[in-house]
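Single-letter residue listing:
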Amino acid sequence: MKYCNHGADYPDVTVFKLSGKLLQSESLLSEILLVIKSWCQSTGQQAVLVHGGGLYCDHWCNVFQLPNNKRNGMRVTDPQQLPVIAGALAGYAHTKVLSACKQAMIDPVGMTPTTADTLSCQLHPDHTVLGRVGNVSANDPTLTFQLLAQGFWPVFHSLATDQNGECLNVNADDIAVALADCLSASKLVLLSDTNGLLDAKGQTIRAITVDQIKSLTEQQWVSKGMIAKLLAITELFSTEGGKVAQRSSNVSEVIIASGLSPHLLKDALQGSGQATTIKMMANVHQWQQAEQVEIKSLMNIKEAQT
Ligand SMILES: Nc1ncnc2c1ncn2[C@@H]1O[C@H](COP(=O)(O)OP(=O)(O)O)[C@@H](O)[C@H]1O
Ligand SMILES: CC(=O)N[C@@H](CCC(=O)OP(=O)(O)O)C(=O)O
């Protein structure tokens, strides 16, 4: 990555991704933003927001009798669907988030992921199946850093353009991961509608390491968007000689939590709530000892597999 480890002059950034499911109540959304703001004030972190809007795409595609198909949580996007999807993501959902920021006394600046070449975007490698879906990677954090330095909160939607200026639909989790990489964020927080990754009994798996992700995505009880989310996270890390090695990104911790309750989010950000934390450390026992984390449910999965 081009812009990693760029030294102390740059802000300590946490990227927060808001699922489209959290945008339905503007008052809930602004309460969530207040929790994020207060956490940033107490930790010295600077927030960059990314939002989805999948449920609005579903709704408007149904209204206009357009197809509504997904593969492992990724929307299959026909060219004829794009204007509707663009309106849902970069118009309807985006405006809702900007407006909730105002309610929370936050100064937002709305951003397209490819504005000022922040991210670069190409047609997805699986485009023969997925259609007009994009794949993003880190490129130039300059504008985002300038906005942060001036006290603004950059807010990204997930509609991007490729090198020819063609519009592509990108999964918002992928945007969040690429931004975390681009901004050398120390944390990535993915806010959805479940208390993190749930096991077969519906209990939160509180701690996993990145090298366990692949086998988790093969479990029957992990499906749909959770597969896309977990696979997106692996992009921040790489393995070397069978061991997990951190990629050039700064991210050391990813949290998957619910954004449906400000109270639960507060706990999750303090590391004490019903949420899943994904760390790079390869040895889960080491981590358990180091952080006194309860990972019984995860160990059950491992036992069941052996
Ligand atoms: N094991 C699991 N734990 C939690 N959620 C899961 C699991 N398996 C499937 N899911 C589904 O994945 C969804 C989250 O993915 P997605 O719908 O893409 O969310 P988002 O809107 O946050 O991107 C959850 O709402 C849930 O329905
Ligand atoms: C390619 C792809 O899957 N794009 C997503 C973009 C929106 C999104 O990711 O929204 P949520 O975070 O609310 O799920 C979609 O069309 O639904």
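Parameters and conventions
- Residues numbered from 1 in each chain as written.
- Chains lettered and ligands numbered in written order.
- Predicted model: local features only at pLDDT ≥ 70, side-chain atom pairs only at ≥ 80, totals over all residues.
- Heavy atoms only, no water.
- UniProt positions renumbered as here; feature names shortened; annotations may be inferred.
- Helix = DSSP H or I, 4+ residues; strand = E, 2+ residues; numbered from the N terminus.
- Disulfide = S-S within 2.5 Å.
- 1 Å grid on protein atoms, 1.4 Å probe; cavity = no way out; pocket = protein on both sides within 12 Å on 5 of 7 lines; lining within 4 Å.
- Points joined across faces, edges and corners; volume = space filled by probe spheres on them.
- Nonpolar A, V, L, I, M, F, W, Y, C, P; charged D, E, K, R; others polar.
- Pairing = 2+ DSSP bridges.
- Axes fitted to C-alpha atoms, helices over the stretch in contact; angles between N-to-C directions.
- Contact = heavy atoms within 4.5 Å.

Asker: Before we go on, may I ask you to explain the UniProt feature "domain: Aspartate/glutamate/uridylate kinase" (unreviewed entry) in the chain in this structure?
Answerer: Those residues carrying the UniProt feature "domain: Aspartate/glutamate/uridylate kinase" (unreviewed entry) are residues 13-236 in this numbering. The span residues 13-236 shows a helical share of 40% and a strand share of 22%, and its end C-alpha atoms are spaced 15 Å apart.

Asker: Help me understand the state of the cysteines, please; the structure alone is not making it clear to me.
Answerer: Simply put, the disulfide is a covalent bond whose two ends are the sulfur atoms of two cysteines. The final tally for this structure, using the stated rule, is zero disulfides. Unpaired in this structure, Cys61 has its nearest cysteine sulfur neighbour in Cys57, at a distance of 6.3 Å. Cys101 takes part in no disulfide bond, and the closest cysteine sulfur to it belongs to Cys40, at a distance of 12 Å.

Asker: Please explain the layout of surface pockets as it appears in this structure.
Answerer: Its boundaries defined by the atoms lining it, the largest pocket holds a volume of some 820 Å³. If you trace the largest pocket, you find 35 residues lining it, with Lys21, Lys70, Gly73, Gly225 and Lys229 closest to the centre. Breaking the lining of the largest pocket down by element, the ones donating at least two residues are α2 (54-63), β4 (74-75), α6 (172-182) and α8 (224-234). Looking at the lining of the largest pocket residue by residue, the classes come out as 12 nonpolar, 14 polar and nine charged. Of the volumes computed, that of the second largest pocket is approximately 470 Å³. Along the wall of the second largest pocket there are 22 residues; nearest its centre are His124, Asn135, Asp174, Ala232 and Glu235. Elements that contribute at least two residues to the lining of the second largest pocket include exactly β7 (134-138), α6 and α8. Of all the elements, α8 adds the most residues to the lining of the second largest pocket, at five residues. Each residue belonging to the lining of the second largest pocket can be placed in one class, and the counts come to 11 nonpolar, five polar and six charged.

Asker: How should I be thinking about the sheet that holds strand β1 (residues 13-18) in this particular structure?
Answerer: Working definition: the strands of a sheet are paired by backbone hydrogen bonds and lie parallel or antiparallel to each other. Ordered in space as β5-β8-β2-β1-β11-β15-β16-β12, the eight strands form an open sheet in which the pairing is mixed. The sheet terminates laterally at β5 (108-111) and β12 (207-209), the two strands that pair on one side only. Along the sheet, successive strands turn relative to each other by an average axial angle of 20°, direction set aside. Across the face of the sheet, helix α1 (residues 26-43) comes into contact with β1, β2 (46-51), β8 (153-156) and β11 (187-192) while running at roughly 165° to β1. Packed onto the sheet, helix α9 (residues 262-269) meets β1, β11 and β15 (253-258) and runs at close to 160° relative to β15.

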